[in-house]
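# Structural overview for review
Chain by chain, the residues:
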Amino acid sequence: MSFNFIDKFLPYFNDGLIVTLMISAFVVVIGTVLGTLIALAKLSKIRILRWLANVYIEVFRGTPMLVQIMIGFQVLGKMPLPEFQLGILTEDLSRLVPGIIVLSMNSGAYVAEIVRSGINAVPKGQTEAAYSLGIRPHQTMMKVILPQAVRNILPALGNEFVTIIKDSSLLATIGVMELFNGAQTTSSTTYQSLSPWLLVAGYYFVVTFITSRLINLLEKKLGKGYAK
Amino acid sequence: MSTHNLIEIKDLHKYFGKNEVLKGLDIQIKRGEVVVMIGPSGSGKSTFLRTMNLLETPTKGDVYFEGTNIADKSVDVFKHREKMGMVFQQFNLFPNMTVLDNLTLAPMTTGKLSKEEAVEVAIELLAKVGLSEKADAYPQSLSGGQQQRVAIARALAMNPDVMLFDEPTSALDPEMVGDVLNVMQDLAKDGMTMVIVTHEMGFAKEVADCVIFMADGKIVESGTPNELFDHPKEPRTQEFLAQVL
């Protein structure tokens, strides 16, 4: 085992990391917004919305992500999108964009369940207090319930963010040039079968570790004043 | 219906599933009146109170507030709730906000007051309930009695025409009860219309204009404190008072 490849191949890792972080950032934001909307649909009074939300969640949680990525790429991969250069890597947006969309949709299903449980954990008296003051349902949700729900679900949401970072490696299968792909390129070019993977494991670990620490900090900050 | 009744309820029925918890209730509450509802647990008095601002939807019957039947589905009940303050047994303060933010949220969100006005009103009300120094505290750091006084101030911040109290002292340690009752007594003196569900019989005697005794989802008897406490007519009332007094 040797790490001699580092001189030549480190840019694949570093630039790949930037792409992985970029993908993850997009997916976290889109997935969280989408998941919140699906959770609200699932808690809605309108039966068809609840039904659609349930179907969505079941389908995305009940099929492998890799299969979703393949289907998503077949359906969405025909968009005439340009390529762009990121350091040493050439990124094809017609692969990257469908990849981000599928990951976000998948994450939305998991986030929806997290948000729903977080909303349900806020005591009913909170809604009643807000209603009794004349605060309308959507404002009650935005100003009273969701802020408390976010605090409830932060640990679970943090886990989901870490999962997204790791799962983004699956996009290598449709040719997105990200961190995992950097290791793959290195391994197949240098015939090193172990060391590039150890290095890439270290990259992922550092990123996910920092992410969960940041979530912990945020949790402490949001808990200020009303820690139980 | 007569216009001097602030609240008028006609033939109110409420079912939870197949269980009828309110069995045809009628009540008229005049502006400035203090009405106290007493009765054994499970008699439906809290449910009755909660139908007054439609936190419980009546299965049947009319709930007139300031001349409008708010039980009518076409009525915007939130608009009317702005004029009906409610205080809960469990306080239900918003734990993620400071005391001041608890008080300013509703006036600002409903567009009733600007931020500056809402803060001004809030500071005034906190002084009134004796908690000026707690404006920046979070509810969790307050005692139960303090939390309930904040909850009263929060409801008053909307400048309501009536205050509904749902067992406001039942969750408090005994030594906290007095502070809360004092605040309520001051409110009554100021002429606030109040409907109070409570087990504090001494308070009821002292403050109520009208006492209503409920049992098994029905109003058994009502009258002045003197009539109801000292000369109860119904055997059910006598039986209840013999147990609690």
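Coordinates for the structure precede this section.
Predicted model, so just to flag it, every value in this text is computed and none were measured. (Residues numbered from 1 in each chain as written. Chains lettered and ligands numbered in written order. Predicted model: local features only at pLDDT ≥ 70, side-chain atom pairs only at ≥ 80, totals over all residues. Heavy atoms only, no water.)

Throughout the structure, instances matching the rule amount to 16 salt bridges over all chains. Here Glu82 of chain B ties to Lys79 of chain B by a salt bridge, and the two come within 3.6 Å at their closest N and O atoms. Of the residues examined, Glu82 of chain B reaches a relative accessible area of 10% and is grouped as buried. You can call Lys79 of chain B partly exposed: its relative accessible area is 45%. For Glu239 of chain B, the salt bridge is made with Arg236 of chain B, and the minimal N-O distance between the two is 3.9 Å. Placement of the pair is Glu239 of chain B and Arg236 of chain B together in helix α9 (residues 235–244), with a separation of 3 residues, close to one helical turn. Judged by relative accessible area, which is 45%, Glu239 of chain B ranks as partly exposed. Each of Lys124 and Glu128 of chain A together with Lys14, Arg50 and Glu56 of chain B takes part in a single network of salt bridges with overlapping partners. (Salt bridge = Lys/Arg side-chain N within 4 Å of Asp/Glu carboxyl O. Buried < 20%, exposed > 50% of the residue type's maximum accessible area, 1.4 Å probe, protein only. Helix = DSSP H or I, 4+ residues; strand = E, 2+ residues; numbered from the N terminus.)

Right, let's get into the packing of helix α5 (residues 144–156) of chain B against helix α6 (residues 174–189) of chain B. All names here are of chain B. It is at 8 Å that the axes of α5 and α6 come closest, and there the two elements cross at 20 degrees. Taken together, the axes of α5 and α6 are roughly parallel relative to one another. Considering only the axes of α5 and α6, their crossing is right-handed. Of the residues in α6, those touching α5 at Gly145, Gln148, Arg149, Ile152 and Leu156 are Met176, Asp179, Val180, Val183, Met184 and Leu187. Counted by class, the contact of α5 with α6 contains 7 nonpolar, 2 polar and 2 charged residues. (Axes fitted to C-alpha atoms, helices over the stretch in contact; angles between N-to-C directions. Parallel < 35°, antiparallel > 145°, perpendicular 65-115°, else oblique. Left-handed = near helix turned anticlockwise from the far one by under 90°. Contact = heavy atoms within 4.5 Å. Nonpolar A, V, L, I, M, F, W, Y, C, P; charged D, E, K, R; others polar.)

Moving on, we get to the sheet that holds strand β7 (residues 162–166) of chain B. All names here are of chain B. Judged by pairing direction, the sheet is mixed, and its 6 strands sit side by side in the order β6-β7-β8-β3-β9-β10 without closing on themselves. Lying at the two open borders of the sheet, with one neighbouring strand each, are β6 (84–87) and β10 (218–223). Strand-to-strand twist across the sheet, computed as the mean angle between neighbouring axes with direction ignored, equals 15 degrees. Of the strand pairs in this sheet, strand β9 (residues 210–215) and β10 are connected by 5 bridges, and their pairing is antiparallel. By the bridge assignment for β10, Met214 is matched with Ile219. On top of the sheet, α6 reaches β3 (34–38), β7 and β8 (193–197); it is set at about 145 degrees to β8, its chief contact. (Pairing = 2+ DSSP bridges.)

Attention shifts here to the interface of chain A and chain B. Counting from both sides, the interface comprises 23 residues of chain A and, opposite them, 26 residues of chain B. Across the interface of chain A and chain B, roughly 2100 Å² is buried in total on both sides, 62% from carbon and sulfur atoms. There are 2 salt bridges connecting chain A and chain B. Notably, a salt bridge pairs Arg50 of chain B with Glu128 of chain A, separated by 2.7 Å at the nearest N-O pair. Counting every contact that joins chain A to chain B gives 5 residue pairs in polar contact (both at pLDDT 80 or more). The set of elements that each furnish at least two residues to the side of chain A that touches chain B consists of α5 (124–132) and α6 (137–167) of chain A. Of all the elements, α5 of chain A adds the most residues to the side of chain A that touches chain B, at 8 residues. Here the side of chain A that touches chain B is built from residues that sort into 10 nonpolar, 7 polar and 6 charged. (Buried area = accessible area lost by both parts, 1.4 Å probe. Polar contact = N/O pair within 3.5 Å; in protein donor to acceptor, adjacent residues only side chain to side chain.)

Structural measurements only, silent on function.
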